[in-house]
Amino acid sequence: MASTSSFTVSSSFTPSIPRTTTYDVFLSFRGEDTRFNFTDHLYNALVDRGIRTFRDDHLRKGEGIAPELSKAIEESRSSVIVFSENYAHSRWCLNELVKIMECKKDLGRTVIPIFYHVDPSHVRKQEGSFRLAFAGYEENWKDKVGKWRTALTEAANLSGWHLLDGYESNYIKEITNNIFRRLNCKGLEVGANLVGIDSRIKEVSLRLHMESSDVHIVGIYGVGGIGKTTIAKVIYNKLSCEFEYMSFLENIRGISNTKGLTHLQNQLLDDILEEERSQNINIIDRGASMIETILSSKRVFIVLDDVDNRNQLKALLRHRGWLGKGSRVIITTRNKHLLIEQEVDDLYEVEGLNSKEARELFNLHAFKQNLPKSDFINLSCRMVDYCQGLPLAVEVLGSLLFNMTIPQWESQLHKLAKEPMAEIHNVLKSSYDGLDRTEKDILLDVACFFKGEERDFVLRILDACVGIGIQNLEDKCLITLSYNHKIGMHDLIQQMCWEIVRENFPKEPNKWSRLWDAHDIERAFTASEGIKNAETISLDLSKLETVCFDPDDFAKMTGLIGLRLLKIHFGVSPYDRLKYCKHGLLHGPHGVMKNASKMQLDEGFEFPELKYLYWDGYPFDFLPSNFNGEKLVELHLKCSNIKQLWQGDKYLEKLNRSKKKCHEKLNVIDLSYSKKLIQMSEFSRMPNLERLILEFCVNLINIDPSLGSMKKLTTLSLKHCHKLKDLPDRIGDLKSLEILDLSGCRKFEKFPKKGGNMKSLKELLLSGTAIKDLPDSIGELESLEILDLSYCSKFEKFPEKGLNNKSLKRLLLICTAIKDLPDSIGELESLEILNLSYCLKFEKFPEKGLNNKSLKRLLLICTAIKDLPDSIVNLESLEKLDVFGCSKLQKFLTKRGNMKSLPVFCLCKTPIKDPPDSFEDLESLILFELFKSSKFEKFPEMRSMKHLRSLYLRGTAIEELPASIDNLSGLVYLDIRYCKSLRNLPDNISRLKFLQTLILCGCSNLWKGLISNQFCNLGKLNISPCKIAGQILELPSSLEEIEAHDCKSDLDLATLLWLCHLNWLKSATEELQLSAVIPKSSVIPEWMRYQNLGSEVTTELPTNWYEDPNFLGFVVSCVYQPRQSISFICELNLHGNGFGFKKQQKFTCGCDCYWEFNGNFNDQVWVWWYPKIAIRNAHRHSSFKDLHKFTHFNASFKDLHPDQFPIIKNWGVNLIFAGDQHNHKAMLLDPLGNFGDNGLVVLEGTGGNRKRRRDDSLPHAVEEPQYKRCSGGATI
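Residues numbered from 1 in each chain as written. Predicted model: local features only at pLDDT ≥ 70, side-chain atom pairs only at ≥ 80, totals over all residues. Heavy atoms only, no water.

Peer 1: Mind showing me how you'd approach the packing of aromatic side chains here?
Peer 2: What characterises a pair of aromatic rings is the spacing of the ring centres plus the angle enclosed by the ring planes. The tally for this structure, following the rule as stated, stands at 33 aromatic pairs. For the pair F449 and Y612, a centre-to-centre distance of 5.8 Å together with 90° between the ring planes defines the contact as edge-to-face. Placement of F449 in helix α21 (residues 437-450) and of Y612 in strand β17 (residues 612-615) is noted, with a sequence separation of 163 residues between them. Between W615 and Y618 the ring centres are 5.3 Å apart and the planes differ by 85°, which places this aromatic pair in the edge-to-face class. (Phe/Tyr/Trp six-rings, centres within 6.5 Å; stacked < 30°, edge-to-face > 60°. Helix = DSSP H or I, 4+ residues; strand = E, 2+ residues; numbered from the N terminus.)

Peer 1: Mind showing me how you'd approach the nonpolar core here?
Peer 2: Nonpolar side chains tend toward joint burial in soluble globular proteins. Residues L613, L692, F798 and F845 are the most contacted members of the largest nonpolar core, which totals 271 residues. By residue number, the principal contributor to this core is α21, which donates 8 residues. The contacts of L692, once residues within four sequence positions are left out, are I669, M680, F683, L707, M710, L713, T715, L716 and S717. Formed by 33 residues, the second largest nonpolar core is a distinct cluster that contains A72, F130, Y137 and W148. (Core = buried A, V, L, I, M, F, W, Y, C linked by side-chain atoms within 4.5 Å. Buried < 20%, exposed > 50% of the residue type's maximum accessible area, 1.4 Å probe, protein only. Contact = heavy atoms within 4.5 Å.)

Peer 1: Got a minute to help me understand the pairing of strand β44 (residues 1164-1171) in this structure?
Peer 2: For a regular strand, side-chain orientation follows a simple rule: the groups alternate between the two sheet faces. Extensive coverage of β44 is indicated by the burial of 8 of its 8 residues. Here β44 shows no split at all, with Q1164, W1166, W1168 and Y1170 on one side and V1165, V1167, W1169 and P1171 on the other all buried. As judged from the 8 bridges shared by strand β41 (residues 1111-1121) and β44, these two strands associate in the antiparallel manner. Bridge pairing links F1114 to Y1170 in β44. (Pairing = 2+ DSSP bridges.)

Peer 1: For this particular structure, what's the right way to read a positive patch on the surface?
Peer 2: A grouping of K723, K725, R746 and K747 is seen on the molecular surface, where their side chains present a positively charged patch. Considering the arrangement of structural elements, one finds R746 in the loop between β24 (739-741) and β25 (763-765). (Patch = residues over 30% accessible without salt bridge, like charges linked within 9 Å, V, L, I, M, F, W, Y side chains within 5 Å. Areas by Shrake-Rupley, 256 points an atom, 1.4 Å probe, with all protein chains shown as cover. Salt bridge = Lys/Arg side-chain N within 4 Å of Asp/Glu carboxyl O. Lys, Arg positive; Asp, Glu negative; His and termini not counted. Charge placed at Lys NZ, Arg CZ, Asp CG, Glu CD.)

Peer 1: Would you mind going over the pattern of salt bridges with me for this structure?
Peer 2: It is possible for side chains bearing opposite charge to pair when their charged atoms get close. Applying the stated criterion across every chain, the model contains 34 salt bridges. One salt bridge in this structure joins K567 and E453, with 3.6 Å as the shortest N-O distance. Placement of the pair is K567 in strand β16 (residues 565-569) and E453 in the loop between α21 and α22 (455-462), with a sequence separation of 114 residues. With a closest N to O distance of 3.2 Å, R502 and E499 form a salt bridge. A residue pair is termed a helical-turn pair when its members lie 3 or 4 positions apart in one helix, as R502 and E499 do in helix α24 (residues 491-502) at 3 residues. According to the relative accessible area criterion, R502 is buried, its value standing at 11%. In this structure, a network of salt bridges that share partners links the residues D441, D445, R514, E535 and R564.

Peer 1: Is there a simple way to think about the environment of D375 in this case?
Peer 2: Here D375 is to be found in the loop between α16 (355-366) and α17 (377-387). Overall, the relative accessible area of 58% leaves D375 in the exposed class.

Peer 1: What's the story with helix α8 (residues 168-183) in this structure? I'm lost.
Peer 2: Note: α-helices contain 3.6 residues per turn, so residues at a spacing of three or four share the same orientation. When the terminal C-alpha atoms of α8 are compared, their 22 Å separation across 16 residues agrees well with the 22 Å that a helix rising 1.5 Å per residue should span. Among the residues of α8, those classed as buried are Y171, I172, I175, T176, N177, N178, I179, F180, R181, R182 and L183. (Expected span 1.5 Å × (residues − 1).)

Peer 1: What am I meant to see in the side chain of S76 here?
Peer 2: Relative to the elements of secondary structure, S76 occurs in strand β4 (residues 76-83). Excluding its chain neighbours within four sequence positions, the residues that come into contact with S76 are Y23, V25, F26 and R109.

Peer 1: What is the right way to look at unusual backbone geometry in this model?
Peer 2: Most peptide bonds are trans, and most residues other than glycine sit at a negative phi. Backbone geometry at Y673 places phi at a positive 65°, although glycine is not the residue there. Locating Y673 in the fold gives a position in the loop between β19 (668-670) and β20 (679-680). When its relative accessible area of 15% is taken as the criterion, Y673 is described as buried. Non-glycine residue K932 carries a positive phi angle of around 60°. Along the polypeptide, K932 turns up in the loop between β32 (927-929) and β33 (950-952).

Structure follows, in structure tokens:
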């Protein structure tokens, strides 16, 4: 039996729209073989199906193709070639074939081969009868044989039919149907401006595995309006024509609701069986059965768009068994779980547009170009920010704003802040409408209260049973869960939820079910009838100018029986929150917290039965005596005026009368920064309390002994409770306690003796306390992982029984008075970090030494230790050994050992003279520091340290580097500044191929004689102090940054700039950006043609600047005064004609000379060379021909840290052309020349104060190059 060819290579049947198409099919055949049989039958079948078919009914002879045939081929949408036994014997057929293949290539025409009783490989390789035919052509038709062979090979590689036996009528029917489908493979409308679509199409296409013959089903999911349908349509247009059968069922969710599932079943079958009569299914199960029967034998491409429930899939595609071999299906949905249930092969979540894509798409709709108009830049950014990458919102909003004025834009922004656009809202709300009641409530709670909170927190407050609801909302793309399990929500979905809450009473917030906006809450509180239906209230006090609630307003809350969640907070950064709390809440913006603390409640005020109460700056001394905490899960009263949580005897009497455990559900109490809190009493009615946070309660004196009754307490934080002296003995009864934090409790002196009973304790944090010793029971804390005694200045020793905590991982003893460690220290098998830094009395380790096989970090900074125990060499897991500043250390590591994994070793500021023999064992060393070890004289041979990346020898007494330095094949950073005894560098140092930074500060003479061009990757060089006038130095071509401190001589500066400039000119054909930093210099070189007294400079570009082969790039310079060692950004901006390009470069403006010498902040000059080719490479996603459309060049500063932003004094910029090279040195050699008021002119523009010297005022003036004379007003 004949079959569809198995030797297929995709024919890419995607017919382009021709300029003129007279025919659908052009038939090419050998007349004497098939004219009166197969071809005649095929022709009639095609015509009967309504396919316009051209057949040449004339017997042709000769070589050339008749003009009418050539025209017919060009005007046919496709060509069908019938390869028969004698096809190649006709030169006419071969020329016709060449023309057909040319039209395929040039016009995108489709070619379908039929191999009629011939082997396809004979056609492809010209064998059999085709070889015989070509044997007669080789001699007389040499100029055409190559084209004929190529055309045959290309045609035979296409997908087609191979007819050997069987009924020809069946094949003709199959071929006719296939051609009919292909010709009717109409692309779906997807619109223009498909920004960012390519990467998303690629991701889905890869998941389809088109090369496989298996069935593949891919699910595309995402929020409404994210672009799922558009992606599916583009892929359908691209791939569907490679299938015999295809169908795109759009908007299944909407159609199934309005017309029913049977309508969709009929549509699917009509698409698949297009040549037959339309189906008339009216029973879903019957339709499903028919679909299964028909699809199972066919290779289909189907898209099921916008599926939203499993019944739709059951009716249309129950499982993969319904599909024939090689079929592909794409399902788009807003519900990820549906795809998981369907067991799709792969999932693709459509993400929103990134900021660049969103801006481009918005600009194309709002301005009909890819850049905003200059007056609309800020407004357009705000509009794009509002859309948050949602393509639907970007398109709708951009189209709405097209051709509007700035006031209209501002009005629209104001409107959007209050209500969403209807078109966007309706798309998103359809997802909400498909939720059940519980899911709707959860979604509204997240939008109005929990956005940004951790999932476990939300489950704890709302109840664990809502977990499935949260998972469903994530599956339906209405919320997100980040890597740290925080619940997120797209801003537009949040706005949609807000609108749903408001929709019934848009102007009466007191009737809303949820309140979140401070101004709406203020209106609700002050409404005459009070708040009626609120379930959640989240009031951000920082949003209000003043707090004008009075007791009567709060009294109206008494009737709020449905209020579940109340949060009154101060929505500022954590840093500011801490600052305001420390100052008693009196120093917040606009006095908000001061006013909030004056709010009063009537004695009879009753809180609703809350599940969650969070009140920053709670203004009262107690919780009300009638406070009902039966449902309360968490209580947060940070920075409050609370003196005692419960109101004394009155509250206890109420508890005793009650038969209920009033706070049975309470899990968390947080009273941090409550400065008036004196005591915590009565914990017995909180059996499920898990976290008690009392940080910075500076007047807290004692904790009630009933604390020991809280069997589920896992965290007790008493950090910085300055007056707390001790804990009740019953602390040992806290069997579940995992974290006990007493850091900063400066009067806490004694740890309870029974503290060792806390078998679950993992972290014991005692840093900054007055503790002198620990009880013997401390060694019984079998779960303890962290023991922090840092800054306990009175702590001198561990108990005699020592430490037996087998789980201990971190022992921190920074700045303690400890002199030695117990012998048991070496038996802590889990210990990973031992930090004894700044223990000024610590002199030696125990005699048994250290045998901690898990120890990774041993930090002994500034201790009194004299030597290290030999056992250290056996610490096989050690990753960092730091003895910085150990001034008494004389020797160490005298024995060879097993520290082969040590990557970081610091010997800075020690009296060590030379390293021990064991140094060669450190074969994994990555960082070695000897900073200011002034007695260190001899560096060891380096034969095994191939992994060393950074070597700091700053300020040592080293006299030479060993010749074996070239063994450091991976060295990236070498610092030998202020090595005054070092006279020269070994010649082979230039063999360090990966060296990127070389610091020669104070030793700049060492650069002389080095073969710089061998430093192929050196990017940063420091040759301070800069005293190079008159010297001939060569800089590496890879250099990107050079620092030159103390460049006091104008000639030194000129020479340095000339070296940099010359070096850059050599590399201007590569993407090399070079910057030079010259501290203690304060004048822009005069050869900078355009200068500006400020932080920005703009100039016009010459005409066709980018096409000028002599243009090399830009050079920019500025004078600034740094503010500490901080970073800033220089931004280059090329723009014009609706196009734009930006490049940012980050710099650090602090330099060592300020800290080393006088500490003053002096001016610095910074110069940056930026090549043309870097612009081209950065702009590679656009056509290079667009670059010449840029008409202006702008350079400006962008600060990273506004509080410490460097002072920018002035700028300069120049364009560099190869035609100027003979003049460059003349300009550089007079960098600070004063040309007086010689012809300064003011450039027009918005920057002001920009100045330019006339070209005839240049030193050593020469004739202007051609580009200057031809550029009109843009002369450079």
